[in-house]
Amino acid sequence: MASLTIRKLDDAIRDELRLRAARNGRSVEDEVRVILREAAHHPPPTAATPPAAFQPEAADRRPRAAHGLPRVTLIIGGGIAAYKALDLIRRLKERQIHVRCVLTRAAQQFVTPLSASALSNERAYTDLFDPSSEFDAGHIRLGRDCDLIVVAPATADLIAKMAQGHADDLASAILLAANRPILLAPAMNPLMWNNAATRRNVAQLERDGVALIGPNAGEMAEANEAGVGRMAEPTEIAIAAEEFLRPPQPRPLAGKRVLITAGPTHEPIDPVRYIANRSSGKQGFAIAAAAQAAGADVILVSGPVDLDDPAGVAVKHVESARDMLRQVEASLPVDIAIFAAAVADWRVVNEGEQKLKKTSAGMPPLQLVENPDILATISKLGDGRPPLVIGFAAETEHLIDNARAKLARKGCDWIVANDVSPATGVMGGDRNTVHLLTRDAGEINVDSWPVMSKEQVATELVARIADSLMAKPGEKTS
Ligand code: CTP
């Protein structure tokens with residue numbers, strides 16, 4: 001091999017060469033030979049396939065289709081709520097969302113890059129001028145090589161920087177160079193949130209198309225302070241992020257108003273006791289969420305349940321059957337009404353004004369009276385009757401026969417029959433086996449579905465409703 005003469009190397013490259021040679025125990029000239037030999041055996045990459053040494057996060061460069069998971073760049077601002085950002089990473093990851101974190105300098109006072117990277121399984125970024133990522137304009141890549149940017153907590157300072165277009169640190173530079181949707185979860189003291197400057201900045205960002213989740217009202221970290229300024233809970237933020245990332249869904253119920261009842265009712269005996277049943281409300285809530293996802297305007301009238309209100313659904317919380325009927329009637333007119341509630345059939349006539357006491361006279365007589373039948377009342381309405389009324393039949397025996405009888409007795413269009421015997425685990429459980437009874441030219445059709453999760457039952461039911469609307473647009477669907 002001819003001898004090598006390398007001239008006009010700039011100082012940095014010469015220093016790097018010397019270091020590399022010393023590390024490998026070679027002369028500088030030998031080191032250059034090794035580099036050239038390696039280059040000859042591994043031809044230089046094309047622009048589309050940069051060399052492995054130059055792509056420390058090779059996976060990040062893969063297009064989303066190949067990578068599979070939707071990707072979020074999570075910018076963690078410097079506020080006390082930053083600790084919740086760690087939980088947010090978990091909530092996003094459990095939704096199969098890939099997360100890459102950026103921490104502002106102030107955020108690092110509250111959480112460390114190490115915890116963020118351990119939870120996200122990715123390097124966490126902190127510096128605008130980071131030699132290992134800046135070689136390919138990392139601040140631009142972090143704001144573009146993702147599907148969504150989430151800022152949580154979005155502090156007053158970060159919001160102000162965004163509104164003004166500052167780019168003097170990594171977070172603000174990413175936000176300024178981003179071409180992806182941005183979701184902010186503001187968190188700050190209520191006085192800061194209500195300050196005219198913050199109001200102006202937030203209004204400007206909303207005009208710029210930035211989305212916000214929260215802030216919520218509540219106690220502040222500062223003692224004795226409360227008001228609007230708490231960061232939305234990690235689960236709320238994760239759900240909002242998921243919404244952004246969801247590919248556009250068909251919305252077959254767009255423009256339709258759907259009313260759903262769910263849960264048990266509580267019928268008071270006295271101020272502390274009530275009659276109830278084992279309904280969890282899960283099936284009705286799942287139907288509400290599925291109808292909302294299908295584009296419907298959904299009103300959910302729910303008895304007492306231990307479930308979060310489905311996002312984007314107007315929920316009216318009630319206690320008793322009579323309250324439920326009142327709220328149902330107040331929600332009319334609707335296009336579709338689905339009665340999934342397990343309404344208590346009876347209530348106590350002589351409801352005690354005070355707590356009933358044990359006396360030597362024996363047990364208090366509890367006289368029962370039948371509750372109004374909400375489904376039958378709405379099915380039998382004249383002009384205000386929804387074009388499609390769907391009831392449920394909760395049975396423990398003779399499922400189909402009882403459901404047929406209920407369809408006729410209640411006057412609804414469809415019945416979803418389910419076996420609620422304790423052995424099935426349907427009441428309170430997550431799965432359901434249902435039979436859909438529909439009327440077809442005077443006949444009753446029975447369609448038996450396999451065992452499914454309550455969410456799948458909801459999705460299938462909404463699909464059937466959408467089909468029936470398509471089949472008979474503008475006509476009564478029965
Ligand atoms: N339903 C109602 N109001 C009532 C009772 C029931 O709206 N007071 C509705 C339920 O929401 C369901 C359907 O009627 O859609 C059937 O409820 P179910 O409990 O299965 O039947 P019941 O009518 O209560 O009759 P039974 O208890 O005799 O089976």
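See the structure above.
A short tour of the structure in this document, coming up. (Residues numbered from 1 in each chain as written. Predicted model: local features only at pLDDT ≥ 70, side-chain atom pairs only at ≥ 80, totals over all residues.)

A closer look at the site of the ligand
Here is step 1: Residues in contact with the ligand amount to 16 residues; listed here are only the nearest, Phe339, Val343, Ile374, Leu375 and Gly391.
Here is step 2: Put simply, the parts of the chain that give the shell around the ligand at least two residues each are α16 (374-379) and β16 (388-395).
Here is step 3: Here the shell around the ligand takes four residues from β16, the largest share from any one element. (Near = placed C-beta within 6 Å. Helix = DSSP H or I, 4+ residues; strand = E, 2+ residues; numbered from the N terminus.)

Structural notes on the environment of Thr433
Here is step 1: Looking at where Thr433 falls in the secondary structure, it is placed in the loop between β18 (431-432) and β19 (434-440).
Here is step 2: Overall, the presence of 16 C-beta atoms within 10 Å leaves Thr433 in the partly exposed class.
Here is step 3: For the pair formed by Thr433 and Lys454, sequence separation is 21 residues and the distance between their alpha carbons is 8.8 Å.
Here is step 4: With near-sequence residues (within four places) excluded, Thr433 lies in contact with Asn418, Asp419, Thr424 and Val451. (Buried ≥ 20, exposed ≤ 12 C-beta atoms within 10 Å, placed from the backbone. Contact = placed C-beta atoms within 7 Å.)

A short note on the sheet that holds strand β2 (residues 98-103)
Here is step 1: Sheet architecture is open: five strands sit in the order β2-β1-β3-β4-β5, paired in parallel fashion. Every interior strand has two partners, whereas the edge strands, β2 and β5 (211-212), have only one.
Here is step 2: Relative to strand β3 (residues 148-154), strand β1 (residues 71-76) runs parallel, the two being bridged by four bridges. Along β3, the bridge assignment pairs Thr73 with Ile149. (Pairing = 2+ DSSP bridges.)

Digging into the sheet that holds strand β13 (residues 336-339)
Here is step 1: Spatially, the eight strands line up as an open sheet ordered β12-β11-β8-β13-β16-β17-β19-β20, and their pairing is mixed. Two strands in the sheet have a free side with no partner beyond their single neighbour: β12 (314-317) and β20 (443-448). Across the sheet, the mean angle from the axis of one strand to that of its neighbour is 15°, orientation sign disregarded.
Here is step 2: Pairing analysis gives six bridges linking β19 to β20, with the strands arranged antiparallel. Residue pairing for β20: Thr438 is matched across the bridge by Asn445.
Here is step 3: Contacting β8 (257-262), β11 (297-302) and β12, helix α15 (residues 321-331) runs over the sheet at an angle of about 165° to β11.
Here is step 4: Contacts between helix α17 (residues 399-410) and the sheet are confined to β16, β17 (414-419), β19 and β20, with β16 contributing the most and set at about 145° to the helix. (Axes fitted to C-alpha atoms, helices over the stretch in contact; angles between N-to-C directions.)

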